[in-house]
Amino acid sequence: YVDALRARHVLVDPDERRERIAKQIHAAAATAGKQADVPEALLEEVNCLVEWPSAILCQFEPGFLRVPHEALVSTMQANQKFFPLREADGGLSEYFVGIANIDSKDPAQIRQGYERVIRPRFADAAFFFDEDLKQGIDSMAQGLASVTYQQKLGSYADKSARVAVLAEAIAVQVGLDAAEARRAAALAKADLQSRLVGEFPELQGIAGRYYAKAAGESDAIADAIDEAYQPRFAGDAIAIPKLGQVLAIAERLDTLAGGFAAGLKPTGNKDPFALRRNALGLARTLIEGGIEIDLPELIGAACELVGPISTGKETAFADRNELHAFVLDRLRGYFADKGFNEQQFDAVNAVPHESLPDFAKRLSAIGEFAKLPQADALAAANKRIGNILKKSGSEASASVDPLLFQETAERGLWAALAQAETVVLPKLAARDYVGVLEALAGLREPVDAFFDGVMVNAEDPKVRGNRLAMLQKLAGHFNAVGDIAVLA
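About the cut-offs
- Residues numbered from 1 in each chain as written.
- Predicted model: local features only at pLDDT ≥ 70, side-chain atom pairs only at ≥ 80, totals over all residues.
- Heavy atoms only, no water.
- 1 Å grid on protein atoms, 1.4 Å probe; cavity = no way out; pocket = protein on both sides within 12 Å on 5 of 7 lines; lining within 4 Å.
- Points joined across faces, edges and corners; volume = space filled by probe spheres on them.
- Nonpolar A, V, L, I, M, F, W, Y, C, P; charged D, E, K, R; others polar.
- Helix = DSSP H or I, 4+ residues; strand = E, 2+ residues; numbered from the N terminus.
- Buried < 20%, exposed > 50% of the residue type's maximum accessible area, 1.4 Å probe, protein only.
- pLDDT = per-residue confidence, 0-100.
- Phe/Tyr/Trp six-rings, centres within 6.5 Å; stacked < 30°, edge-to-face > 60°.
- Lys NZ or Arg CZ within 6 Å of the ring centre and 35° of its normal.
- Patch = residues over 30% accessible without salt bridge, like charges linked within 9 Å, V, L, I, M, F, W, Y side chains within 5 Å.
- Areas by Shrake-Rupley, 256 points an atom, 1.4 Å probe, with all protein chains shown as cover.
- Salt bridge = Lys/Arg side-chain N within 4 Å of Asp/Glu carboxyl O.
- Pairing = 2+ DSSP bridges.
- Contact = heavy atoms within 4.5 Å.
- Axes fitted to C-alpha atoms, helices over the stretch in contact; angles between N-to-C directions.
- Parallel < 35°, antiparallel > 145°, perpendicular 65-115°, else oblique.
- Left-handed = near helix turned anticlockwise from the far one by under 90°.
- Expected span 1.5 Å × (residues − 1).

What follows covers empty space enclosed by the protein. Applying the stated criterion across every chain yields a total of 1 cavity of 30 Å³ or more. Surrounding the largest cavity, Ala188, Lys189, Ala228, Tyr229, Leu247 and Glu251 form its lining. The class makeup of the residues in the lining of the largest cavity is 4 nonpolar, no polar and 2 charged.

All right, on to unusual backbone geometry then. Omega for the peptide link from Gln230 to Pro231 comes to -5°, which places this bond in the cis form. Tracing the backbone shows Pro231 in the loop between helix 11 (219–227) and helix 12 (242–261). Here the phi dihedral of Lys81 falls at roughly 60°; this positive angle occurs in a residue that is not glycine. Tracing the backbone shows Lys81 in the loop between helix 4 (69–79) and strand 3 (83–86). One non-glycine residue with positive phi stands out, namely Arg431, at about 60°. Within the element layout of this structure, Arg431 appears in the loop between helix 19 (408–429) and helix 20 (433–441). Since its relative accessible area comes to 18%, Arg431 is described here as buried.

This part covers the confidence of the model for the chain. Mean pLDDT over the chain: 94, with 99% of residues reaching 70 or higher. For the chain, strand 8 (residues 315–316) is the element with the lowest average pLDDT, namely 74, and strand 3 is the one with the highest, namely 98.

Moving on, we get to the layout of surface pockets. In this structure, the largest pocket encloses a volume near 460 Å³. Lining the largest pocket we find 21 residues, and of these Lys189, Tyr229, Glu251, Arg277 and Asn278 sit closest to its centre. Going through the elements one at a time, helix 7 (156–174), helix 12 and helix 13 (275–288) are the ones with two or more residues in the lining of the largest pocket. Residues of the lining of the largest pocket, tallied by class, amount to 10 nonpolar, 4 polar and 7 charged. Lining the second largest pocket are His69, Glu70, Val73, Ser74, Gln77, Ala78, Arg86, Glu202, Leu203, Ile206 and Tyr210.

Further remarks concern the packing of aromatic side chains. For the coordinates displayed, the defined rule picks out 18 aromatic pairs. Chaining the aromatic ring pairs together yields one cluster made of Phe60, Phe64, Phe82, Phe96, Tyr114 and Phe122. The ring of Trp52 carries the charged tip of Arg20 above its face, separated from the ring centre by 4.5 Å. In this structure, Arg330 packs its charged tip against the face of Phe326, placed 4.5 Å from the ring centre.

Right, let's talk about a nonpolar patch on the surface for a bit. Among the surface-exposed residues, Tyr1, Val2 and Val12 lie close enough to one another that they form a single nonpolar patch of about 300 Å² accessible area. Looking at where Val2 falls in the secondary structure, it is placed in helix 1 (residues 2–7).

Let us look at the sheet that holds strand 3. If you trace the 4 strands from one edge of the open sheet to the other, you get 1-3-4-2, paired in antiparallel fashion. Taken across any chain shown, the strands that pair with only one partner, and hence form the sheet edges, are strand 1 (35–36) and strand 2 (54–59). Across 2 bridges, strand 1 lies against strand 3 in antiparallel orientation. Pairing of Ala36 across the sheet is with Leu85, part of strand 3. Taken strand by strand, helix 4 contacts strand 3 and strand 4 (92–100), and its axis lies near 5° from that of strand 4. The sheet contacts of helix 5 (residues 107–135) involve strand 2 and strand 4, and relative to strand 2 the element is tilted by about 55°.

Positionally, Asn382 belongs in helix 18 (residues 375–392). Setting aside residues up to four positions removed in sequence, Asn382 forms contacts with Ala475, Phe478, Asn479, Asp483, Ile484 and Ala485.

As a packed pair, helix 19 and helix 22 (residues 461–478) sit with axes 11 Å apart at the nearest point and diverge in direction by 30°. It follows from the interaxial angle that helix 19 and helix 22 lie roughly parallel. With respect to the hand of their crossing, helix 19 and helix 22 are arranged in left-handed fashion. Between helix 19, through Glu410, Leu413, Trp414, Leu417, Glu421, Val424 and Leu425, and helix 22, the contact on the second element is made entirely by Arg467, Met470, Lys473, Leu474 and His477.

Before going further, it helps to examine helix 18. For helix 18, with 18 residues, the first-to-last C-alpha span of 26 Å sits near the 26 Å given by 1.5 Å per residue. When we look at burial in helix 18, the residues that qualify are Ala375, Leu378, Ala379, Ala381, Asn382, Ile385, Ile388, Leu389 and Ser392. Buried residues along helix 18 sit against helix 17 (356–370), helix 20, helix 21 (444–453) and helix 22. Positive phi appears at Gly393, one or two residues downstream of helix 18, with a value of about 65°.

Attention now goes to the pairing of strand 2. Every second residue of strand 2 is oriented toward a common face, the buried set being Ser54, Ile56 and Cys58 and the non-buried set Ala55, Leu57 and Gln59. Here strand 2 pairs with strand 4 via 6 bridges, running antiparallel. Across the sheet, Cys58 pairs through a bridge with Phe96, a residue of strand 4.

To continue, consider the pairing of strand 4. Within strand 4, 9 of the 9 residues are buried, leaving the element largely enclosed by the surrounding structure. Sheet analysis places strand 3 next to strand 4, joined by 3 bridges and oriented antiparallel. If you follow Pro84 over to strand 4, its bridge partner there is Phe96. Hairpin connection between strand 3 and strand 4: a loop of 5 residues separates the two successive antiparallel strands, and Gly90 in this loop has a positive phi of roughly 95°.

Looking now at the pattern of salt bridges. All told, the structure shown has 41 salt bridges when counted by the stated rule. Across the salt bridge formed by Glu217 and Arg183, the nearest N and O atoms sit 2.6 Å from each other. One end of the pair, Glu217, is in the loop between helix 10 (206–214) and helix 11; the other, Arg183, is in helix 8 (residues 178–187), with 34 residues separating them in the sequence. The exposure class of Glu217 is buried, given its relative accessible area of 16%. Judged by its relative accessible area of 27%, Arg183 is partly exposed. Overlapping salt bridges bring together Lys159, Arg162, Lys189, Glu251 and Asp254 as one network.

Listed below in structure tokens is the structure:
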């Protein structure tokens, strides 16, 4: 069957067809002395559009290369399913490859057709780009005052002003130039007024980068305008430069605070304002960028900038605690993909943390602790300690008095705890959470011995209070990284 169809110029085997397409594209690129740009998704799409693929090497006028290359690539790949060819340095060349569905007797006719079909689209992009350059990015930014961002949240100029304040504050905390961050934020949405983005919406930020550089802005500011959109989609990388990260954080903070204040919180599978995606992008940028800043404080600042939103009969504010919990909840799936389970996440979420990078570091340590042979027993013991302390109310003494010890096991636990503290406290200060939990894992035997040989609820209230005080101290150390009782 397969051979019979091949004899009739139909490649029915998709793997064979895909291999033929890729091989022909690279061969055509080599003929032109270029390198093929073959995205896997486009290759698969083209593979499903043809039966007998035949690569055609084509060319467009080099003058079009002055247009942002992303616009040209978008036209070739998304609209026409063509494969761009690149120079050795990765820059776009004037060559591309189209895949015909036939071995034509006159491939020149097909080539002319392919070249002719993209020329009007390229010409439009060139016209829009040239007109935008005449207008300038500052003029575009001024025009944002007449563009509504969201009915209850004002114009894009209002949003840009809020983002600028946040970006400036974040820049100060991470040691960047505050004025540079404010300038980048002020221009970040300007390209929404450009004709090029009107025709190519996927170029938001990318077009702004070109216009900022054309206007003489620094590379850092121009690049940050583009990087503020990262991550653009699931699996996309965060911005690498710190200024881009700052702008990405500030942008998402304002979007989240505004969305919650305006009553646009996601419900079920509906999220028209993409708040879930924005929350995850914010959290990822903080974690993967290693940005050590107080997220609740930032959320509070963003909520204050948005201010009260009138909803007719009443005025609504964004609930900063609810918003913080919303951001953290987006991390459940993020960390699940990295191999952490719900119990491990909840263990860290149950204790205070200084920042999201700190949260991630604690979670990593909890994950390592869970692999230890002592983990289950210590988690169960910590859960037992928590239940005892909860039932005891305020009976625990203010401090532990070793003179009140009556049993060998409680003396042994106190000595082991004192020895562990000499290791735990400096490691805790250094955020060596793995080291903290490894040191505490050594307490398993004295903890087991304590519960086997000591009656916590002794009749003598002083002895009972003293034992409860020791358990409080023990629980405090175990919960310093995460509530390991959750793991039981």
